[in-house]
Amino acid sequence: MKQNIYDNDIFFDNYKLMRETGEGLNDSIEIPAMLSLLPDVRDKSILDLGCGMGDLCLKFKELGANIITGIDISEKMTSIAKEKSQIFENIFIETIPMEDFLYKENEYDIVVSSLALHYIKDINDIFNKVNRSLKESGYFIFSIEHPLVTCILNYNSKWVRDENGIKMFWKVDSYSDEGIRNNKWFVKDVIKYHRTISTIMNQLIENNFKILKILEPHANELDEVNRPELLEERKRPPFLLIKSLKFI
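On a predicted model such as this, the values are computed, not experimentally measured, just so you know.

Visitor: Talk me through the side chain of glutamate 145; I want residue IDs and the actual numbers.
Guide: Looking at the secondary structure, you find glutamate 145 in strand β5 (residues 134–145). A polar contact of 2.6 Å, which involves the side chain of glutamate 145, links it to the side chain of lysine 192. Discounting chain neighbours no more than four positions away, the residues touching glutamate 145 are Leu115, His118, Thr150, Lys192, Pro238 and Phe239.

Visitor: Let's hear about helix α4 (residues 75–85): which residues, and what values?
Guide: Buried residues of α4: Met77, Thr78, Ile80, Ala81 and Ser85, and no others. Along the long axis of α4, the arc covered by the buried residues comes to 155°, so they all point the same way. Exposed side of α4, more than 90 degrees from the buried face: Glu75 and Glu83 are the residues found there. For α4, the secondary structure elements touched by its buried residues are α1 (9–21), α3 (55–62), β2 (67–72) and β3 (91–95). For α4, the N-terminal capping position is held by serine 74, with its side-chain oxygen 3.3 Å away from the main-chain nitrogen of lysine 76.

Visitor: Pulling in residues and values, what's your account of the packing of aromatic side chains?
Guide: Aromatic rings in a pair are described by how distant their centres are and how their planes are angled relative to each other. What the rule picks out here adds up to 14 aromatic pairs. Measuring from ring centre to ring centre gives 5.3 Å for phenylalanine 11 and tryptophan 185, while their planes differ by 90°; the resulting arrangement is edge-to-face. Linking phenylalanine 11 in helix α1 with tryptophan 185 in strand β8 (residues 179–185), this pair joins segments that are 174 residues apart in sequence. Given the relative accessible area of 0%, phenylalanine 11 is considered buried. With a relative accessible area of 25%, tryptophan 185 lands in the partly exposed category. Ring geometry for phenylalanine 140 against phenylalanine 142: centres 4.9 Å apart, planes inclined by 35°, an arrangement best described as tilted. Take phenylalanine 140 and phenylalanine 142: they sit in the same class, and that class is buried. These aromatic residues form a ring-pair network of at least three members: Tyr6, Phe11, Tyr15, Tyr119, Trp185 and Phe186.

Visitor: Provide a residue-level description of empty space enclosed by the protein, including the pertinent values.
Guide: If you walk through the whole model with that rule in mind, you get one cavity of 30 Å³ or more. His118, Ile144, Tyr193, Arg195 and Ile200 are the residues nearest the centre of the largest cavity, which is lined by 13 residues in total. Residue assignment for the lining of the largest cavity shows that the elements contributing at least two residues are α5 (123–133), β5, α6 (147–150) and β9 (187–194). Of the residues forming the lining of the largest cavity, the biggest block, three residues, is contributed by β5. Residue composition of the lining of the largest cavity, by class: eight nonpolar, three polar and two charged.

Visitor: Please provide a residue-by-residue account of the nonpolar core, values included.
Guide: Of all hydrophobic cores here, the largest spans 26 residues; its most connected members are Leu49, Met98, Leu117, Phe127, Val130, Phe140 and Phe142. Taken together, the elements giving at least two residues each to this core come down to β1 (45–49), β4 (108–114), α5, β5, α7 (197–206) and β11 (239–246). Discounting chain neighbours no more than four positions away, the residues touching valine 130 are Leu49, Tyr103, Val111, Phe140 and Phe209. Among the nonpolar cores identified, the runner-up in size contains 25 residues, and Leu38, Phe60, Ala81 and Ile110 belong to it.

Visitor: So what about the pairing of β1? Which residues, and what values?
Guide: Of all five residues making up β1, five are buried, and the element is well covered by its neighbours. Of the two faces of β1, the one carrying Ser45, Leu47 and Leu49 and the one carrying Ile46 and Asp48 are both buried. The pairing of β1 with β2 spans five bridges and is classified as parallel. Looking at β2, one finds that serine 45 is bridged to isoleucine 67.

Criteria and thresholds
- Residues numbered from 1 in each chain as written.
- Predicted model: local features only at pLDDT ≥ 70, side-chain atom pairs only at ≥ 80, totals over all residues.
- Heavy atoms only, no water.
- Helix = DSSP H or I, 4+ residues; strand = E, 2+ residues; numbered from the N terminus.
- Polar contact = N/O pair within 3.5 Å; in protein donor to acceptor, adjacent residues only side chain to side chain.
- Contact = heavy atoms within 4.5 Å.
- Buried < 20%, exposed > 50% of the residue type's maximum accessible area, 1.4 Å probe, protein only.
- Arc of directions from axis to C-beta.
- Phe/Tyr/Trp six-rings, centres within 6.5 Å; stacked < 30°, edge-to-face > 60°.
- 1 Å grid on protein atoms, 1.4 Å probe; cavity = no way out; pocket = protein on both sides within 12 Å on 5 of 7 lines; lining within 4 Å.
- Points joined across faces, edges and corners; volume = space filled by probe spheres on them.
- Nonpolar A, V, L, I, M, F, W, Y, C, P; charged D, E, K, R; others polar.
- Core = buried A, V, L, I, M, F, W, Y, C linked by side-chain atoms within 4.5 Å.
- Pairing = 2+ DSSP bridges.

The structure is reproduced here in structure tokens:
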């Protein structure tokens, strides 16, 4: 069963507030890293898997992309994405799980996914579909929660703290035991899937992708000055980003 946690009212309201206030790690870490991996998108066709509220789709249009398709399982998220993008030509938003989307062969120059694939049970299937949907020498660029983050079984005790409650170390727990992780994030029972880095890399290779670049980003120094709590993210990488190329 595909979980659609973003249509939970409590989850969505909290998530939307986090994004609007910039209190999360998206604007300071993940999005700059994602944009740094993009090739020239001018006149390109792009598929955004797990497009959320459509921010990347709008960014691609700003950068000169031709046709942008964004898909997401959440009606709440896509309703906002559709509202934001309605004034632009050639941005198409669909409410559909990425597992069920009809991937046309040789359709896209670039496929991206921002912090969505760790919700997917079978990413090998997605990798296969993405490869078939890319044109020759097309790019697949995605970010996920870092496997050092998703590996934690007991998410309530993820940090080792000193006697004053200051975070000292991140616990690496059950890293090699892949599978479901049940988390609390705004609400209980948020399902994510943990995979090792080697599994992710090997499944990309097995699906005819050439890995071009890997990022484990942290915030820049200015953001860390303005938000000292971001320094905690240097203790372990919160995200893993991979840029790959369809290899024939």
